[in-house]
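# Architecture at a glance
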Amino acid sequence: MIALSCFDLSGKVAVVTGGGSGIGRGIAQGLAEAGASVVIASRRRESCTDAASEIADATGARSLALALDVTDAASVDTFVDETTAELGSIDILVNNAGMIEEQLIFEMAEEQWDRMLDTNVKGAFLLSKKVAAGMANRARGGKIINVASIAAYVAWPKMSAYCASKAACLQLTKVMALEWARYDIQVNAILPGYFLTPMSRDFVTSDEGARAVKAMIPMRRVADPSEIKGLAVMLASSASSFITGGEFTIDGGQSCR
Ligand code: NAI
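Here we summarise the structure given alongside this text. Sequence order as written defines the numbering, with residues in each chain counted from 1. In keeping with the model being predicted, local features are shown solely for residues with a pLDDT of at least 70 and side-chain atom pairs are shown and tallied solely at 80 or more, while totals for entire chains, interfaces and linings include all residues. Only hydrogens and water are removed before side-chain values are computed, so all heavy atoms of the structure are retained for them.

Comment: axis = line fitted to C-alpha atoms, over the contacting stretch for helices; angle = value between 0 and 180 degrees taken between N-to-C directions. By definition, any uninterrupted DSSP run of H or I lasting at least four residues is a helix, any uninterrupted run of E lasting at least two residues is a strand, and each is numbered from the N terminus. At a minimum axis separation of 10 Å, helix H3 (residues 73-87) and helix H4 (residues 110-138) run at an interaxial angle of 35°. Seen along the crossing, H3 lies across H4 with a hand that is right-handed. Where H3 abuts H4, its residues Ala73, Val76, Asp77, Phe79, Val80 and Asp81 lie against Leu126, Leu127, Lys130 and Val131. Each residue gets one of three labels, nonpolar for Ala, Val, Leu, Ile, Met, Phe, Trp, Tyr, Cys and Pro, charged for Asp, Glu, Lys and Arg, and polar for the others, Gly among them. For the contact of H3 with H4, the residue count by class is seven nonpolar, no polar and three charged. For a crossing to be left-handed, the near helix must be turned anticlockwise from the far one by less than a right angle; the clockwise case is right-handed. Only heavy atoms matter for contacts: two residues are in contact if any of them lie within 4.5 Å across the pair.

What follows deals with the packing of H4 against helix H5 (residues 160-180). Two elements in contact, H4 and H5, have axes separated by 8 Å at closest approach and are oriented at 15°. Judged by the inter-axis angle, H4 sits roughly parallel to H5. In terms of crossing hand, the pair formed by H4 and H5 is right-handed. Counting all contacts with H4, which are made through Trp113, Met116, Leu117, Asn120, Val121, Ala124, Phe125, Ser128, Lys129 and Ala132, the residues of H5 involved are Ser160, Ala161, Tyr162, Ala164, Ser165, Lys166, Ala168, Cys169, Leu172, Met176 and Trp180. Here is the rule for angles: anything less than 35 degrees is roughly parallel, anything more than 145 is roughly antiparallel, 65 through 115 is roughly perpendicular, and the remaining ranges are oblique.

The full set close to the ligand counts 27 residues, and Ser21, Ile23, Ser42, Tyr162 and Thr197 are the nearest of them. Nitrogen and oxygen atoms within 3.5 Å of one another constitute a polar contact, given that in protein one can donate a hydrogen and the other can accept it, and given that sequence-neighbouring residues count only through two side-chain atoms. Taking Val70, its main chain carries an N or O atom lying 3.0 Å from a nitrogen atom of the ligand. In the model, an oxygen atom of the ligand is placed 3.4 Å from a nitrogen or oxygen of the Gly98 main chain. Within the complex, the protein chains bury 91% of what would otherwise be the 820 Å² of accessible surface of the ligand. By convention in these notes, a residue is near a molecule or strand provided one of its non-hydrogen atoms lies within 4 Å of it. Accessible areas in this description were obtained via Shrake-Rupley with a 1.4 Å probe; residue shielding takes into account the shown protein chains only.

This part covers the pairing of strand S2 (residues 37-42). Within a regular strand, side chains alternate between the sheet's two faces. A large share of S2 lies buried, amounting to five of its six residues. Sheet analysis places strand S1 (residues 13-17) next to S2, joined by five bridges and oriented parallel. If you follow Val15 over to S2, its bridge partner there is Val39. A crossover gets the label right-handed when its path from the first strand over the helix to the second runs clockwise, viewed with the strands pointing away from the viewer. Running through helix H1 (residues 22-33), the crossover from S1 to the neighbouring parallel element S2 is right-handed. On the question of chirality, the crossover connecting S2 to the parallel strand S3 (residues 63-67) by way of helix H2 (residues 46-59) is right-handed. Any residue under 20% of the maximum accessible area for its type is buried, any over 50% is exposed, and the rest in between are partly exposed; the area is computed with a 1.4 Å probe on protein chains only. By this definition, two strands are paired if DSSP reports at least two bridges between them.

Where burial is concerned, the two faces of strand S4 (residues 92-95) agree: the one with Ile92 and Val94 and the one with Leu93 and Asn95 are both buried. For S1 and S4, the ladder comprises three bridges, and the chain directions are parallel. By the bridge assignment for S4, Val15 is matched with Leu93. You can see the chain leave S4, run along H4 and come back into strand S5 (residues 142-147), and the turn it takes is right-handed.

Another aspect to go through is H5. Since there are 3.6 residues in each turn of an α-helix, residues three or four apart along the chain are aligned in direction. Take the number of residues in a helix, subtract one, and multiply by 1.5 Å to get its expected span. The end-to-end C-alpha distance of H5 is 30 Å, a good match for the 30 Å that 21 residues give at a rise of 1.5 Å each. Residues of H5 that are buried: Ala161, Tyr162, Cys163, Ser165, Lys166, Cys169, Leu170, Leu172, Thr173, Met176, Ala177 and Trp180. Contacts from the buried residues of H5 go to H4, S5, strand S6 (185-192) and strand S7 (247-250).

Turning our eyes to something else, we now look at the packing of aromatic side chains. Ring pairs (aromatic) are described by centroid distance and by the angle formed between their planes. Paired rings are identified among Phe, Tyr and Trp, the last through its six-membered ring, by centres lying within 6.5 Å, and are further divided according to the angle between planes into stacked (under 30 degrees), edge-to-face (over 60) and tilted (the rest). Applying the stated criterion to the full structure yields one aromatic pair. Ring centres of Tyr194 and Phe203 lie 5.7 Å apart, and the angle between their planes is 35°; this geometry places the pair in the tilted category. The partly exposed category is assigned to Phe203, whose relative accessible area is 27%.

This part covers the pattern of salt bridges. A pair is scored as a salt bridge if a Lys or Arg side-chain nitrogen falls within 4 Å of a carboxyl oxygen belonging to Asp or Glu. This structure, assessed with the given rule, holds nine salt bridges. Across the salt bridge formed by Glu46 and Arg44, the nearest N and O atoms sit 3.5 Å from each other. A network of salt bridges, in which partner residues are shared, links Asp91, Arg138 and Arg140.

Dropping the structure here:
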């Protein structure tokens, strides 16, 4: 295969959860630029409609906004049925939806812990289970990308639930890779460091955050969401045909320290 053609996603259907903003928006744009039809999904459909139409205008790819709460099994079922009816069966799933709330363990309410674990881990479990079953039935293989974090192996105070959820997301990735290899479904994790997104903006644009970025990150800057595109397209395409259960940090060198 000619090197660049193995990154081509023409004819593929991709889903990006939480794709209306930040890293998910960057991934959705990248997959569409590589030729995929893209479904962008979030709890409020309206929060994805602008991103979907901008991506369609910029790339010419089909791009759709749909409502999805990844923590709710009924919503997951409806979403997969709607996507399949609109665009056909799903070839690429990106579990990107996530949330963070900083809190000391002594102060953390049980509901807060559950919210983070449900969104960051259970969501990927529910949606992947449903989508992978379709991929296995179709016998055409598929790609699943889980957006974890370097918080899967770097610990910070006030981030117990977030770090635990991302470590769980990473291990979930590896078990999915083992169980679904026989169906030609490759499952990999992306572990971002700091990207400038709605989730991180308050911290990284504060004086304290700017100082911390220079001290923590060898490249002395945060990433722009567009910088996720290359890795996402590689993991979504046949360029990664023998890569599964892998963990790919994209952090300007932060986790080397
Ligand atoms: P973001 O806040 O822009 O994106 C999160 C998205 O998830 C939003 O679109 C939100 O609507 C969606 N979402 C939340 N709960 C949902 C639910 N129950 N169902 C459906 N969608 C839901 O933030 P960002 O930074 O783009 O985060 C994307 C992913 O990247 C997250 O998993 C995050 O943990 C991870 N990450 C982000 C880093 C950063 O520096 N921004 C660093 C490491 C990981």
